Amino acid sequence: MHIYFHNAEDQQRWAYTEGLNVLGQRELAVLAPWSNDDLRHRLLLNLLEFIECYIQSQPKRILPGQTFQYDWSLLRFVSDEDNISGTGSDTLLIEEQESLFAFDDVPFVPGVARTLELMQIQHKAMQRNRVTGNVQYPFPAHFALIGSCVTPETIQQLRPLMAERYHEPEGQFSGWFIGCCDKSHDHDNPDELGKVHLMHIVKGLPALFPYIAMPIGTALLFEEDKVVVFLPGKEQGFVDSEAHLNYSTLLSL
Ligand SMILES: [Zn+2]
């Protein structure tokens, strides 16, 4: 598969694939308003290559109307009936949801701008904190285990608060645990644990979002005015210089 870029008649810039048809798959096109040196350009190439791998890995082909979970986003494919991409009406266009932090029937809109904005936030957090290792993107419907001290309501106020990624995403579980730092509270007691969808956690604690794809063994300490990052296997943490503590703008994406 090759990925090309061109401007359609209305001057919008599109990325489109060539070569999926040899796999029996309709070609894809998606709005790509970024220049080649923008991080989102590379993230878009990753996205298209991920979809190609998915197509190669199993016998089904993507059809119009089908949805696809990618990182935090639900994408949808639709026919380009009016050929707005300029690559032919047989092409499938990629859409994303209008809001990535809402629950109910959220309408789809053309492109993947929000999706890549979120991925960029995660990517930058990993870069500046020098995170290496196996990045694992959880889905909003994955569960986090929480101590009984934490609820989607108290999570906004309770500090210090710790989050640790104990294991790989497994079934419905993201691998994240979130609890208080009160030593008298036994987080190993199953009666003291609950599970909550990551979507609820992130809505209560948007500052967690940049870190949620970080590898197993990553731990975070949320204090009033800073986030301390502990990389896998490291006893010593360090303050994330650009942590966003009041990351409510995230929720508008
Ligand atoms: Zn606790």
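- As recorded in an unreviewed UniProt entry, the protein goes by Imm33-like domain-containing protein and comes from Ktedonobacter racemifer DSM 44963.

1. Structural notes on the sheet that holds strand β11 (residues 193-197)
- If you trace the seven strands from one edge of the open sheet to the other, you get β11-β8-β10-β9-β12-β13-β14, paired in mixed fashion. Two strands close off the open sheet at either side, each with one partner strand: β11 and β14 (238-239).
- Bridge count for strand β12 (residues 219-222) against strand β13 (residues 227-230) is four bridges, and the pairing is antiparallel. Looking at β13, one finds that Phe-222 is bridged to Val-227.

2. Brief notes about the coordination of the zinc ion
- Binding of the zinc ion to the protein goes through Cys-149 (SG), Cys-180 (SG), His-185 (ND1) and His-187 (NE2), at separations of 2.0 to 2.2 Å.
- Angles of 106 to 114° at the metal separate the four donor atoms of the zinc ion, which places the site in the tetrahedral class.
- Read from N- to C-terminus, the donor residues coordinating the zinc ion fall into the pattern C-x30-C-x4-H-x1-H.
- With relative accessibility at 17%, the residue His-185 sits in the buried group.

3. Side note on the UniProt feature "domain: Imm33-like" (unreviewed entry) in the protein
- Under the feature "domain: Imm33-like" (unreviewed entry), the UniProt entry names residues 150-226.
- End-to-end, the C-alpha atoms of residues 150-226 are 19 Å apart, and along that stretch the chain is 9% helix and 29% strand.

4. Observations regarding helix α1 (residues 39-57)
- Taking 1.5 Å per residue as the helical rise, α1 with its 19 residues ought to reach 27 Å, and the 27 Å between its terminal C-alpha atoms agrees with that figure.
- The distance from a side-chain oxygen at the start of α1 to the backbone nitrogen of Arg-40 is 2.8 Å, and the residue carrying that oxygen is Asp-38.

5. As for the domain arrangement of the protein
- Segmenting the protein into domains produces domain 1 (2-119) and domain 2 (132-252).
- Taken over C-alpha atoms, the centre of domain 1 sits 30 Å from the centre of domain 2.
- With nine residues of domain 1 at the contact, the number on the domain 2 side is 13 residues.
- Looking only at domain 1, the three residues that lose the most surface to domain 2 are Trp-72, Phe-101 and Phe-103, adding up to 59% of its buried area.
- There are zero salt bridges connecting domain 1 and domain 2.
- Classifying every residue of the side of domain 1 that touches domain 2 gives seven nonpolar, one polar and one charged.

6. A short note on the environment of Ser-99
- With respect to the element layout, Ser-99 can be found in the loop between β6 (92-97) and β7 (108-110).
- Ser-99 sits 144 residues away from Ala-243 along the chain, and the two C-alpha atoms are 23 Å apart.
- Once residues within four sequence positions are removed from consideration, Ser-99 is found in contact with Val-106 and Leu-253.

7. Description of the pattern of salt bridges
- The full count for this structure, using the stated rule, is seven salt bridges.
- Arg-114 is paired through a salt bridge with Glu-96; the nearest N and O atoms lie 3.3 Å apart. Placement of Arg-114 in helix α2 (residues 113-128) and of Glu-96 in strand β6 is noted, with a sequence separation of 18 residues between them.
- In this structure Arg-114 comes out as partly exposed when scored by relative accessible area, which is 24%.

How each quantity is defined
- Residues numbered from 1 in each chain as written.
- Predicted model: local features only at pLDDT ≥ 70, side-chain atom pairs only at ≥ 80, totals over all residues.
- Heavy atoms only, no water.
- Pairing = 2+ DSSP bridges.
- Helix = DSSP H or I, 4+ residues; strand = E, 2+ residues; numbered from the N terminus.
- Donors = N, O, S within 2.8 Å, 3.2 Å for Na, K, Ca; no water.
- Tetrahedral: all angles 85-135°; square planar, octahedral: opposite > 155°, others 65-115°.
- Buried < 20%, exposed > 50% of the residue type's maximum accessible area, 1.4 Å probe, protein only.
- UniProt positions renumbered as here; feature names shortened; annotations may be inferred.
- Expected span 1.5 Å × (residues − 1).
- Polar contact = N/O pair within 3.5 Å; in protein donor to acceptor, adjacent residues only side chain to side chain.
- Domains from an automatic or database assignment.
- Contact = heavy atoms within 4.5 Å.
- Buried area = accessible area lost by both parts, 1.4 Å probe.
- Salt bridge = Lys/Arg side-chain N within 4 Å of Asp/Glu carboxyl O.
- Nonpolar A, V, L, I, M, F, W, Y, C, P; charged D, E, K, R; others polar.

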